[in-house]
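Inside the fold
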Amino acid sequence: LSALRRRCDIAGKRLSGPGLAAEERVLRSVLYAYHSRLLRHRPYLALQQVEQCLKRLWKMNLVGCLETLIELIPKKNASKAHAECLVPSQPVLETVALKVLGGCKLILRLLDCCCKAFLLSVKHLCSKEFILLNTLASGLLSRLWFVIQYRCVLQTLTSLYDALSTMLHLVSETQQTPYIKGFTFPSDISDFLGVNISSEAKKQKAQMLKTKKSTSWMKKLFPPMPEAVSRVGKKRKSEPCTSAMKNHSIPCAVDIGETVV
């Protein structure tokens, strides 16, 4: 019980952390800003799929379900071996286990959509199409992918399911009250997901890094500045910042990738 409570608490904190919520807000803002101009642009459509996965993840209310389960688990185990203690019922455990399985599937889909959208953004960035949008998209998607991966959200949910599966087995042996019928809960979550999580993550990371390295899109878009322009830039940096505020002739609509002398 204590292990299950601890894993529920960790999973809830990682799902409700500020990282995922912040990236979702930025993604929504980017999609809103470019909605009227890029309805049929492929990276934009791929970004919409990423947003759809995030929406579904929040609508599952997995965090609220885990909080409910934590409230049902006693804070202290019974001190004596034969003492009685309250445990969550089989219907509650089955509902949470089913949501955890669905959440793992959805996060796998989210990671896949992030990887595909990132590769599309870099491809169009190399073609010098919609440079500003694709620069924003590639940075946003790589951050979102790494936030999910390196905060170990998926690994935390899989370890939580292992604890849930053990507890569900023990509770069903004590008193069988099945709630979800026509579905067999897998003993190993990897069989249900159909992929090895660590190998899939390494594969996606290799694809993203390979695309960055092989295309070297930053060098293509931002060629080295001429020496004269570089000297002018250094000279301007030494000037006080207030002079830049007073100068109203600075072009504001220049896109990324064009050298401003």
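Treat the numbers as computed from the prediction; the structure is a model and nothing was measured.

Now for the overall build of the protein chain. Counting its secondary structure elements, the protein chain contains twelve helices and zero strands. Each helix and strand of the protein chain, ordered N terminal to C terminal, gives the series α-α-α-α-α-α-α-α-α-α-α-α. For the protein chain, the proportion of its 261 residues judged to be buried stands at 38%. In the protein chain, 85% of the contacts between residues at least 6 apart in sequence involve partners at least 24 apart. Accessible surface for the protein chain amounts to roughly 16200 Å². Of this, 57% is attributable to carbon and sulfur atoms.

Okay, the side chain of glutamate 24 next. Within the element layout of this structure, glutamate 24 appears in helix α2 (residues 18-33). A polar atom in the side chain of glutamate 24 sits 2.6 Å from the side chain of tryptophan 58. Beyond its immediate stretch of four places on either side in the chain, glutamate 24 contacts Leu54, Lys55 and Trp58.

The residue glutamine 90 is located in helix α5 (residues 90-126) in this model. Sequence-distant contacts of glutamine 90, that is, excluding residues within four places in its chain, are made with Leu168, Val171, Ser172, Gln175, Gln176, Thr177 and Pro178.

Here we take up the pattern of salt bridges. Taken as a whole and assessed by the stated rule, the structure comprises five salt bridges. Note that aspartate 112 and arginine 109 form a salt bridge whose closest N and O atoms lie 3.8 Å from each other. Remark: arginine 109 and aspartate 112 occur in helix α5; sequence separation between them is three residues, near one turn of the helix. By relative accessible area, aspartate 112 is classed as partly exposed at 22%. For arginine 109, a relative accessible area of 39% translates into the label partly exposed. Between lysine 116 and aspartate 112 there is a salt bridge, and its shortest N-O distance comes to 3.3 Å.

Further remarks concern unusual backbone geometry. We note that asparagine 61 has phi near 55°; this positive angle belongs to a residue other than glycine. With respect to the helices, strands and loops of the structure, asparagine 61 is situated in the loop between α3 (42-59) and α4 (62-72). For asparagine 61, a relative accessible area of 46% gives the class partly exposed.

On to the layout of surface pockets. There is about 250 Å³ of room inside the second largest pocket. Here the lining of the second largest pocket gets four residues from one element, more than from any other, and that element is helix α7 (residues 153-174). When its residues are assigned to classes, the lining of the second largest pocket shows seven nonpolar, five polar and one charged.

Let us now look at the nonpolar core. Grouped together as the largest cluster of nonpolar side chains are 64 residues, with contacts concentrated most on Leu4, Val50, Val100, Leu157, Leu160 and Leu164. Going through the elements one at a time, α1 (2-15), α2, α3, α4, α5, α6 (131-150), α7 and α8 (189-193) are the ones with two or more residues in this core. The greatest single-element share of this core, amounting to 17 residues, is contributed by α5. Ignoring any residue separated from it by four or fewer positions in sequence, one finds leucine 4 in contact with Ile73, Leu93, Leu160, Ala163, Leu164 and Met167.

Before going further, it helps to spend a moment on the confidence of the model for the protein chain. Averaged over every residue, the pLDDT of the protein chain is 75; residues scoring 70 or more account for 71%. Predicted confidence for residues 237-257 stays below pLDDT 50, and this span has ten contacts to residues more than four positions away or in other chains.

Relative to the helices and strands, phenylalanine 183 is located in the loop between α7 and α8. Beyond its immediate sequence surroundings of up to four residues, phenylalanine 183 is in contact with Leu98, Leu101 and Phe192.

Cut-offs applied
- Residues numbered from 1 in each chain as written.
- Predicted model: local features only at pLDDT ≥ 70, side-chain atom pairs only at ≥ 80, totals over all residues.
- Heavy atoms only, no water.
- Helix = DSSP H or I, 4+ residues; strand = E, 2+ residues; numbered from the N terminus.
- Buried < 20%, exposed > 50% of the residue type's maximum accessible area, 1.4 Å probe, protein only.
- Contact = heavy atoms within 4.5 Å.
- Areas by Shrake-Rupley, 256 points an atom, 1.4 Å probe, with all protein chains shown as cover.
- Polar contact = N/O pair within 3.5 Å; in protein donor to acceptor, adjacent residues only side chain to side chain.
- Salt bridge = Lys/Arg side-chain N within 4 Å of Asp/Glu carboxyl O.
- 1 Å grid on protein atoms, 1.4 Å probe; cavity = no way out; pocket = protein on both sides within 12 Å on 5 of 7 lines; lining within 4 Å.
- Points joined across faces, edges and corners; volume = space filled by probe spheres on them.
- Nonpolar A, V, L, I, M, F, W, Y, C, P; charged D, E, K, R; others polar.
- Core = buried A, V, L, I, M, F, W, Y, C linked by side-chain atoms within 4.5 Å.
- pLDDT = per-residue confidence, 0-100.

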